Each structure stands twice: as C-alpha cells, then as structure tokens.
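# Residue-level structure breakdown
Take a look at the letters that make up each chain.
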Amino acid sequence: MRASAGGERPDGNFYESVGGRATFERLVREFYRGVATDPVLAPMYPETDYEGAIQRLTGFLEQYWGGPTTYSEQRGHPRLRMRHMPFRVNPDARDRWLLHMREALDTLGLSPLQESTLWGYLERAAHAMVNTFEE
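Along each chain, residue indices are assigned from 1 in the same order as the chain's sequence is written. Thresholds applied to this predicted model are a pLDDT of at least 70 for local features of residues and 80 or more for the giving and counting of side-chain atom pairs; totals over whole chains, interfaces and linings are not thresholded and use all residues. Hydrogens and water are ignored here; the side-chain numbers use all heavy atoms of the structure.

### Overview of the overall build of the protein chain
Working definition: helices are DSSP H or I runs of at least four residues, strands are E runs of at least two. Numbering for both runs from the N terminus. In terms of helices and strands, the protein chain carries seven helices and zero strands. Traced from its N-terminal end to its C-terminal end, the protein chain shows the element sequence α-α-α-α-α-α-α. The buried label applies to any residue whose accessible area, calculated with a 1.4 Å probe on protein chains only, is under 20% of its type's maximum; exposed applies above 50%, and partly exposed to all values in between. Across the 135 residues of the protein chain, 43% fall into the buried class. A contact between two residues is defined here by any heavy atoms of the two lying within 4.5 Å. In the protein chain, the share of contacts with a sequence separation of at least 24, taken over all contacts with a separation of at least 6, comes to 68%.

The structure is reproduced here in structure tokens:
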C-alpha cells in the first residue's frame, strides 16, 4: 500500500497498528527494568529520574512511529547523537542496550512484520549512538 504524504497508510500508521502509546510505554518500562540492574547501563541514568527517562524514550518512540508530537513540543528536535554524547556509549554499552530492548520487545507479542520493523529501527539507532570504542 502507498503511504500518504504524512506517512500514513490507508489502514493507519505503525503507531496505531501496534497499539499506540500503551504498547510503547510497555516496551520502555520493560526495557528499563533490565537497565536498572545492568552494571554498565544503570550508572548512565540518575536513580531519581527513571520515570523521566521512561517518559522521554516513550515520547520519542511514539512520535517517531507516527503518534503525538509531544516529544518535540517539549524537548525540541530529538538530536539523538548530541543528547548521548555525555555518555560513554561503546560497543559493550550498545550491545547491553540491545539485549534489554530485545527482551522487552519479545514481551509485546507483535506480529512478525511489526516486530521486525521495530527491531530493525532499534538496531540501527543503537549502532548510531556508539561514540567511542574505548573500554
């Protein structure tokens, strides 16, 4: 099917087809359950701001996939690489991020096409965030 100028297919957009905000928030909350116990990733997040991190990532993902534009309205352009520059994102951190995101994604029960579409983006995004190869 062809997408409209706004990126929507006649039967709706990806955001809607996977269940909207509830699905993305479930994904992100499950992801952060893993992050909270990860010795490499947990220190990158202030313990007092996990809820803020959950809301920011949920907002980003829902906007990226065709949902509300609240993320940009509140935070401006995503500028993902710039926002991650203060953190040491090496291949180990990337792989740990992907491990926890994969585990979270597997809990959603998406269709194979939806799962593959979302996972493909998450993998590309994680690789793009690597900003050092130092251990």
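Now that the structure is up, let's keep going.
### Some points on the confidence of the model for the protein chain
Averaged over every residue, the pLDDT of the protein chain is 86; residues scoring 70 or more account for 83%. Each residue carries a pLDDT value, the predictor's own confidence for that position, ranging from 0 to 100. Here residues 1–10 is a poorly scored stretch, pLDDT under 50, and it has nine contacts once near neighbours within four places are set aside; other chains count.

### Notes on the packing of helix α6 (residues 91–106) against helix α7 (residues 112–128)
Axes here refer to lines fitted to C-alpha atoms; in helices the fit is confined to the stretch in contact. Angles between the N-to-C directions go from 0 to 180 degrees. Where α6 meets α7, the closest approach of the two axes is 10 Å, and the angle between their N-to-C directions is 165°. The angle between the axes of α6 and α7 places the two elements in the roughly antiparallel class. α6 and α7 meet at a crossing whose hand is right-handed. Residues Arg 94, Trp 97, Leu 98, Met 101, Arg 102 and Leu 105 of α6 pack against Glu 115, Leu 118, Trp 119, Leu 122, Glu 123, Ala 126 and His 127 of α7. The residue makeup of the contact of α6 with α7, split by class, is eight nonpolar, one polar and four charged. Here the angle decides the label: under 35 degrees means roughly parallel, over 145 means roughly antiparallel, 65 to 115 means roughly perpendicular, and every other value means oblique. Helix crossings fall into two classes, left-handed where the near helix is turned counterclockwise from the far one by less than a right angle and right-handed where it is turned clockwise. Each residue receives one of three labels: charged for Asp, Glu, Lys and Arg, nonpolar for Ala, Val, Leu, Ile, Met, Phe, Trp, Tyr, Cys and Pro, and polar for the others, Gly being one of them.

### Let's talk about the nonpolar core
Core analysis: the biggest nonpolar cluster contains 34 residues, and Tyr 32, Leu 61, Trp 97 and Leu 118 have the highest contact counts within it. In contact with Trp 97, other than residues within four places in its own chain, are Phe 31, Leu 41, Tyr 45, Leu 122 and Ala 126. Residues belong to one nonpolar core when they are buried, are Ala, Val, Leu, Ile, Met, Phe, Trp, Tyr or Cys, and are joined through side-chain atoms within 4.5 Å.

### Description of α7
To estimate the expected span of a helix, subtract one from its residue number and multiply by 1.5 Å. With 17 residues, α7 extends 24 Å between its outermost C-alpha atoms, agreeing within 8% with the 24 Å of an ideal straight helix rising 1.5 Å per residue. Every buried residue belonging to α7 is among Gln 114, Leu 118, Trp 119, Gly 120, Tyr 121, Leu 122, Ala 125 and Ala 126, and all of these are buried.

### A few points about the packing of aromatic side chains
The rule is short: rings of Phe, Tyr and Trp, with Trp giving its six-membered ring, pair when the centres are within 6.5 Å, and they are stacked under 30 degrees, edge-to-face over 60, tilted in between. All told, the structure shown has twelve aromatic pairs when counted by the stated rule. A network of ring pairs unites the aromatic residues Phe 14, Phe 60, Tyr 64, Trp 65, Tyr 71 and Tyr 121 as a single cluster. Here, a charge over a ring is recorded when the distance from Lys NZ or Arg CZ to the ring centre is within 6 Å and its angle to the ring normal is within 35 degrees. Over the ring of Trp 119 we find Arg 102, and its NZ or CZ is 4.7 Å from the ring centre.

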